[in-house]
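Structural features, examined
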Amino acid sequence: MSELAQDSLAIETRSLTKQFGSHKAVNSIDLAVPTGSVFGFLGPNGSGKTTTIRMLLGLISATSGEVRVLGQTMPQNLNSVLPKVGALVEGPAFYGYLSGEANLIRLDSADQFASSKDRIERVRAALERVGLSHAAKKKVHAYSLGMKQRLGIANALLQPRDLLILDEPTNGLDPQGTREVRNLVRSLASTGTTIFVSSHLLAEIEQLCSHVAVMSAGQIVAQGKIEDLRKEGETRIRVSTPDLDAASAVLVALGLEPITTMDAQLRQEVVAPLHDSKLEGDKIVAALVKAKVRVSGFAVEEPSLEDRFVSLTGEGFDVVQ
Amino acid sequence: MSSSNNPVAKIKRPLGLSLLATELSVMFRRRRTYAMLGAVALIPIFLAIAVRLSSQVLAPGEGPPFLDRVTQNGLFVGFTAMIVGIPLFLPLTIAVVSGDTIAGEAGQGTLRYLLTAPVGRARLLLVKFAGAATFVFAATLTLMISGALIGAALFPVGPVTLLSGDVISVPESLLRALLVAAYVSISLLGLSAVGLFISTLTDVPVGAMAAIVTVSTVSQILDILPQLSVIHPWLLSHNWLGFVSLLRQPMDLSSFGANVLVQLGYIAVFGSLAYSRFTTKDILS
Ligand SMILES: Nc1ncnc2c1ncn2[C@@H]1O[C@H](COP(=O)(O)OP(=O)(O)O)[C@@H](O)[C@H]1O
Ligand SMILES: [Mg+2]
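Heads up: these notes are all about the structure in this document. A quick note: this is a predicted structure, and the numbers were derived from the prediction, not measured.

Some details on the pattern of salt bridges
By the definition in use, this model includes 24 salt bridges over all chains. Note that D282(B) is salt-bridged to K18(A), the shortest N-O span being 2.5 Å. Of this pair, D282(B) sits in the segment after α10 (254-278) while K18(A) sits in strand β1 (residues 9-20), placing the two residues on different chains. Judged by relative accessible area, K18(A) falls into the buried class, the value being 5%. Notably, a salt bridge pairs R150(A) with E180(A), separated by 3.5 Å at the nearest N-O pair. Taken together, the positions of R150(A) in helix α6 (residues 145-156) and E180(A) in helix α7 (residues 175-189) put the pair 30 residues apart, joining distant regions of the chain. On the basis of relative accessibility, which here comes to 32%, the residue E180(A) falls in the partly exposed class. One continuous salt-bridge network, built from bridges that share partners, spans R236(A), R238(A), R267(A), E269(A) and E301(A).

Structure (structure tokens):
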């Protein structure tokens, strides 16, 4: 059983830790990325995503813990693992004075296992795949950020891959570029390649991924299928009313705990999690109306991933570093 | 049984000839490389023009060695220029190229993509050293060729009178010019190895370059302090001017041999240091 589970993991880490000085950038994480999944690695800036990815790829050594990628321990098997892994780490980086095509030829010739016979064909196919054929001969310093990002993905696609590791592939892109990259990732996922994509934006992950791990301050605070994580959130009711205090009083009387935030007050809303109470929406509205609360809107909201994410990682300036 | 359905990871090419080819094409497609080779070519050109324009006749032995002979025979321009270039200018260009090897890739972020290719860290070091060595040979050849051309253009050319008083033919003197270029190139390989090592220590290429120039300068200063004469034979720069002995008849090759040994020593020591440093380094760039 445990053997089977191991075999079906594209990435697996055990108590993986990286310490910089006295600071644990990655603190004992156990990642489990199922083969064939589109796995979101979600966490605010500075939560340790890139550091983890560098360890997965053997760029830095772990302070302690174990890493298995495609069933083999890293970094010991780096030479047999990396040819099957395409990677984008901490943004694209190129020789600005070379063309896009020359850059890919350079990086492909660095691959000690890549054949030089079909190099140019593979380079052209990768450029085609990301829609950069027209700019192949253009110097990279004349590329837009979105084009560089796509060239970075083309580099990850120079060979057929079992696993793609994409670190913040939409970072810094405009909405158009973001959509392009997202569509690209989707089409890659549809070929069955396992994709491990990191982001600090929930929306990104929510739209792309089947699975997610949430990082906060170097630790994984939640991991699993997206639907399962969503279910862990709470169903809430939202009452739109000018009579905020009266509405809150009614809800308290019903055994609920209304949340008052500045934001909600400005919007003239009262929000309360349903917890485990079996109250029906219509009962609540009836109680409100009976208490002469003017109800201009009422909704029962399914748990949102965003609330779950915020409750796990903190919000805005509260983000744990 | 991971889904290894692709045929990669079969043939390994440890020699990395195509990597070396792109290394050279990356280097020689940079404007900076041309600018440096151009500047190297200017050394004999300035020197020849200065000598040509000054009416003053130099007494034998005045100025840099051979300078007094340039007016009689243009083939001496290259030799004189080499003597002028070797203390500072040639080491400076070597510092730029060897300091850039690893730190340059790190600084612009391409190092992480080379390593995840996967390039193999030792293989990358070897190719980088081979690239830097190629530049060294290109620089000394550029200087010699430029010297021969400008010398032939501005001065008479004929059989060359050597330091020993013997006379050799023009073709043979060109052969000696090539030998001198080879000697100086070998002289600078040790510095390239030091540069490769220093380049693995930082992600800031300019810092590496400055450090390498410092090493070259300190070596030359130590070499003129008589109190340190015990260590002189082992200094990086000790044999740098020794190519003069190639201009005697019969050729004195003892300095050539000593130079090769010292440079090989530096390559072995600093190559190993670069290897042990780079293969265990955390790549955070
Ligand atoms: N080279 C380094 N030296 C010291 N601390 C570092 C270094 N790189 C990253 N860190 C720290 O490690 C933590 C995680 O960084 P990182 O993995 O880049 O986060 P993320 O990719 O999630 O934004 C941060 O607190 C960062 O300051
Ligand atoms: Mg990051």
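Describing the side chain of S255(B)
Residues and elements named next belong to chain B. Summarising the element assignment, S255 is placed in helix α10. Of the polar contacts made by the side chain of S255, one reaches the side chain of Y183; its length is 2.8 Å. Among residues more than four places away in sequence, those in contact with S255 are Y183, N239, G242 and S245.

Structural notes on the packing of helix α4 (residues 76-85) of chain B against helix α7 (residues 121-154) of chain B
Residue and element names in this part refer to chain B. Where α4 meets α7, the closest approach of the two axes is 7 Å, and the angle between their N-to-C directions is 140°. Classed by the angle they form, the pair α4 and α7 counts as oblique. The hand of the α4/α7 crossing is right-handed. Only T140, L143, M144, G147, I150 and G151 of α7 make contact with α4, whose side of the interface consists of V77, G78, F79, A81 and M82. Here the residues of the contact of α4 with α7 sort into seven nonpolar, four polar and no charged.

Focus: unusual backbone geometry
Each neighbour pair has its own omega, and for M74(A) with P75(A) the value is 5°, a cis peptide bond. Note that the residue after A117(B), namely P118(B), is joined by a cis bond; omega there is 0°. Tracing the chain through its elements places P118(B) in the loop between α6 (110-115) and α7. The phi angle at L70(A) is positive, at roughly 50°, despite the residue not being glycine. Looking at the secondary structure, you find L70(A) in the loop between β5 (64-69) and β6 (72-74). We note that Q268(A) has phi near 55°; this positive angle belongs to a residue other than glycine.

Here is what the cut-offs are and how they apply
Residues numbered from 1 in each chain as written. Chains lettered and ligands numbered in written order. Predicted model: local features only at pLDDT ≥ 70, side-chain atom pairs only at ≥ 80, totals over all residues. Heavy atoms only, no water. Salt bridge = Lys/Arg side-chain N within 4 Å of Asp/Glu carboxyl O. Helix = DSSP H or I, 4+ residues; strand = E, 2+ residues; numbered from the N terminus. Buried < 20%, exposed > 50% of the residue type's maximum accessible area, 1.4 Å probe, protein only. Polar contact = N/O pair within 3.5 Å; in protein donor to acceptor, adjacent residues only side chain to side chain. Contact = heavy atoms within 4.5 Å. Axes fitted to C-alpha atoms, helices over the stretch in contact; angles between N-to-C directions. Parallel < 35°, antiparallel > 145°, perpendicular 65-115°, else oblique. Left-handed = near helix turned anticlockwise from the far one by under 90°. Nonpolar A, V, L, I, M, F, W, Y, C, P; charged D, E, K, R; others polar.

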